[in-house]
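This is what each chain is made of:
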Amino acid sequence: KISLDSWMGPYQVSGSLKSRAAGINFDLKLGQLIKSKVLPVNLKLNLDSANTSLQLSGTIKNPLENPQLNANIVLKGDSLSAFLRMINRDHTAGFFSPSFSFDGQINASMRVIEMPNFELTLGKTNFNGDITADLAKHPSFSARLSTPFLNIDNFFPTSKKDQNTKNKDLKPREKITEAEVK
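Residues numbered from 1 in each chain as written. Predicted model: local features only at pLDDT ≥ 70, side-chain atom pairs only at ≥ 80, totals over all residues. Heavy atoms only, no water.

Asks: Would you explain the overall build of the protein chain in this entry?
Replies: On a plain count of helices and strands, the protein chain comes out with two helices and ten strands. Mapped from its N terminus to its C terminus, the protein chain presents α and β elements in the order β-β-β-β-β-β-α-β-β-β-β-α. Evaluated residue by residue, the protein chain yields a buried proportion of 25% over its 182 residues. Contacts spanning at least 24 positions in sequence make up 30% of the contacts within the protein chain whose residues lie at least 6 apart. (Helix = DSSP H or I, 4+ residues; strand = E, 2+ residues; numbered from the N terminus. Buried < 20%, exposed > 50% of the residue type's maximum accessible area, 1.4 Å probe, protein only. Contact = heavy atoms within 4.5 Å.)

This is the structure:
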């Protein structure tokens, strides 16, 4: 479905398609171009086979000269492994099985992409961080990710057999008070 009110907008494109045996439903709305400088944008994607949704809403500044995207982005899914398999059919790692979500701001131009102060949740673990990619002549990338608590129990698939098996050689967990990485 495609609709437009005038050549200056707003525009709406919505529909569905099937790619790599994945159903994708989309809804893209571009608002009316304001003084040739600001274009409101809202994108919603639902990836059926991965039970994942993406929503991006914000503006594109200077869309005709030097486009700059400033938007909020929310990505949520039931299984990170299913999402990765949809992106790359060769992905076979079953250990990224928890639910996931990403919520943050994206500021992007042709030269720099920034995602400041985002929140990433994998299963029961919440991370905060930021990412910067400089796409200039010598591209560079930096990222910071922090969490006060790391729960990796739901990163690995378990079966009933695994849960019922006891290993007598296992020792009780010891509290780690100091660690050094070289």
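So much for the structure itself; the text now carries on.
Asks: It is not clear to me how unusual backbone geometry should be interpreted in this structure. Could you clarify?
Replies: Trans is the prevailing form of peptide bonds, just as negative phi is the prevailing case for residues other than glycine. For N62, which is not a glycine, the phi torsion comes out positive at approximately 50°. Turning to its location among the elements, N62 is positioned in the loop between β5 (52–61) and β6 (68–77).

Asks: Is there a simple way to explain the environment of N126 in this structure?
Replies: Along the polypeptide, N126 turns up in strand β9 (residues 125–134). Using a relative accessible area of 47% as the deciding quantity, one classes N126 as partly exposed. Counting along the chain gives 25 residues from N126 to N151, while the straight-line C-alpha distance between them is 9.2 Å. Side chain to side chain, N126 and T121 meet in a polar contact 2.9 Å long. (Polar contact = N/O pair within 3.5 Å; in protein donor to acceptor, adjacent residues only side chain to side chain.)

Asks: In this structure, what is going on with the confidence of the model for the protein chain? I would like to understand it.
Replies: Keep in mind that low pLDDT regions are not for reading the predicted coordinates in detail. Summarising the model, the protein chain shows a mean pLDDT of 79, and 75% of its residues fall at 70 or more. pLDDT under 50 marks residues 160–182. Its contacts with residues more than four places away, or in other chains, come to two contacts. (pLDDT = per-residue confidence, 0-100.)

Asks: In this structure, what is going on with the packing of aromatic side chains? I would like to understand it.
Replies: For any two aromatic rings, the description comes down to two numbers: the centre-to-centre distance and the angle of the planes. Following the criterion strictly, the structure yields one aromatic pair and no others. Geometrically, the ring pair formed by F102 and F118 is tilted, given 4.9 Å between the ring centres and 35° between the ring planes. Taken together, the positions of F102 in strand β7 (residues 100–108) and F118 in strand β8 (residues 112–122) put the pair 16 residues apart, joining distant regions of the chain. Each member of the pair, F102 as well as F118, carries the same accessibility label: buried. (Phe/Tyr/Trp six-rings, centres within 6.5 Å; stacked < 30°, edge-to-face > 60°.)

Asks: What is the right way to look at the environment of G77 in this model?
Replies: Examined against the element boundaries, G77 turns out to sit in strand β6. Classification of G77 as buried rests on a relative accessible area of 8%. Those residues in contact with G77, other than ones at most four positions away along the chain, are N51, T52, S99 and F100.

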